[in-house]
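# Overview (structure and organization)
Residue-level listing of the chains:
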Amino acid sequence: MDSTENLLTRDVSTIWHPFTQHGLGRSLLPITEGKGTRLRDSSGREYLDMISSWWVNLHGHGRPELAEAVADQIRQLDHVQFAGATHEPAVRLAEQLLEKANLAGRAKVFYSDNGSTAVEASLKIAYQHWVNKGTPRRLFATLRGAYHGDTVGAMSVGQSSGFFDAYGSLLFETINLPVPLVWNGFANEQGTNEALLQIESLLEKSENLIAGLIVEPLVQGAGGMRFHSAEFLDRLCSLFQQRSIPVIFDEVMTGFGRTGSFFAFQQTSAIPDLICLSKGITGGILPLAATIASNRLFDSFLGSDFSTALAHGHSYTANPVSCAAALCSLELHDRTNSLEQVARINRRMKQHLELLASHPKVENPRLLGGIAAFDLVTDDSSYSAGAGRKLAAKAQEQGVLIRPLGNVIYLMPPYCTSDEEVDMAFRVIANCLG
Ligand SMILES: Cc1ncc(COP(=O)(O)O)c(C=O)c1O
């Protein structure tokens, strides 16, 4: 048995993988190396990582700057609990995140360690804000098709993604709002007006029950790269904020340049009360998350005993090594002009998407920042739809790694992806479409 076979056998006997039906016995890629946009397997074959390793990678794999920042930080201070202690990397990172969000002096940063916990913290903050005011409210409003992570609160607000049907009775009740989808050449103004009218009338009835609104701004990711307009988002947020209902922007996927601006909310005139960040925060090399909360919310937790404090914290909250990686990643954004790279990738993907749009198997092509997506015409649009999976398997054979969401094919490449690599990815996809 060679060492790859051995690894795969050992994996099968020891490991339970995420979002995987082990009963299907699908093969795994034994990855040994990552450099730039490319991942290499144990036989030396290379794959273009066109999904940024589950949307975390920004500057490419194996960046020496990140490796050095992490090593230096471990030698200085590896970890200390973040209740009753603080450290330079956490404070500097908070300052810089607030600066990037134009929220310096207006908000605070609460750290955790993954996207789901960033969301849990935001829900708890919005919920307890009302408890602390003495007027508890129990319901969260969510957008249809939303996904916010896999912990119980995050699943509750993401029930309509369809991933969590098995947990139905475990999840808390939410109010599900319509979302007018848009794609290239379809601004959906009528759908937008209709959705907002429905939402307004619902708010008139249930306003006093609603603790918060949570949305993935501009792009609903795991639910199928579903896009909505900045105009819809602006008007939606003002309906809630006029009524002092906190608005949570889950920027776990959209943050750090993915949609073309540093944060997606910067393409709108909305200023969310809470912002959830994770994934790209460390450039994609270590787990870390931040929930940015307005001073108005923070102040509602102040008191003279613990009863109004936020009872939330993780062992690795604000891990200094992750914070050092995040600080280095922010420097890399500046040094590489990351937003210009995203704009360049956008221009290249636009050309390809325009060509693909006339293919009979391609529907609803859409593009925002560094995210390109289309629906594959098929009878089955469920997450486990076979058509997307078959296309991905063929693309993998030709050296391009994608992971369709059901029949939704998308690319979300790292920002160091060259024009030629974008060309290759689209060539392979066009080839696989037949
Ligand atoms: C918008 C959004 N929120 C939250 C999460 C959960 O993040 P994590 O997988 O780090 O828990 C994800 C993950 O894909 C996401 O896309």
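Attention in this report is confined to the structure presented alongside it. Keep in mind the model is a prediction, meaning the values are calculated, not measured. (Residues numbered from 1 in each chain as written. Predicted model: local features only at pLDDT ≥ 70, side-chain atom pairs only at ≥ 80, totals over all residues.)

Between helix H7 (residues 189-206) and helix H8 (residues 230-241), the least distance of the axes is 11 Å, while the angle of their chain directions is 10 degrees. It follows from the interaxial angle that H7 and H8 lie roughly parallel. Along the contact surface, H7 presents Thr192, Ala195, Leu196, Ile199, Glu200 and Leu203, while H8 presents Glu231, Phe232, Arg235, Leu236 and Leu239. Classifying every residue of the contact of H7 with H8 gives 7 nonpolar, 1 polar and 3 charged. (Axes fitted to C-alpha atoms, helices over the stretch in contact; angles between N-to-C directions. Helix = DSSP H or I, 4+ residues; strand = E, 2+ residues; numbered from the N terminus. Parallel < 35°, antiparallel > 145°, perpendicular 65-115°, else oblique. Contact = placed C-beta atoms within 7 Å. Nonpolar A, V, L, I, M, F, W, Y, C, P; charged D, E, K, R; others polar.)

Below, the discussion takes up helix H12 (residues 386-397). Compared with an ideal rise of 1.5 Å per residue, which puts 12 residues at 16 Å, H12 spans 17 Å between its outermost C-alpha atoms and is within 8% of the ideal. Among the structural elements, strand E14 (371-376), strand E15 (400-401), strand E16 (408-411) and helix H13 (419-433) are those in contact with the buried residues of H12. Immediately downstream of H12, the backbone of Gly399 shows phi near 85 degrees, a positive value. (Expected span 1.5 Å × (residues − 1).)

Now for the sheet that holds E14. Spatial strand order, E13-E14-E16: 3 strands in an open sheet with antiparallel pairing. Each edge of the sheet is formed by a strand with only one pairing partner; in this case those strands are strand E13 (362-368) and E16. The average undirected angle you get between the axes of adjacent strands in this sheet is 15 degrees. With 5 bridges joining them, E13 and E14 adopt antiparallel strand pairing. (Pairing = 2+ DSSP bridges.)

On to the packing of H12 against H13, then. For the pair H12 and H13, interaxial distance at closest approach is 9 Å and the crossing angle is 130 degrees. Relative to H13, the element H12 lies oblique. When you trace H12 past H13, the crossing you get is right-handed. In this structure, H12 contributes Leu391, Lys394 and Ala395 to the contact, and H13 contributes Val428, Ile429 and Cys432. Looking at side-chain class alone, the contact of H12 with H13 contains 5 nonpolar, no polar and 1 charged residues. (Left-handed = near helix turned anticlockwise from the far one by under 90°.)

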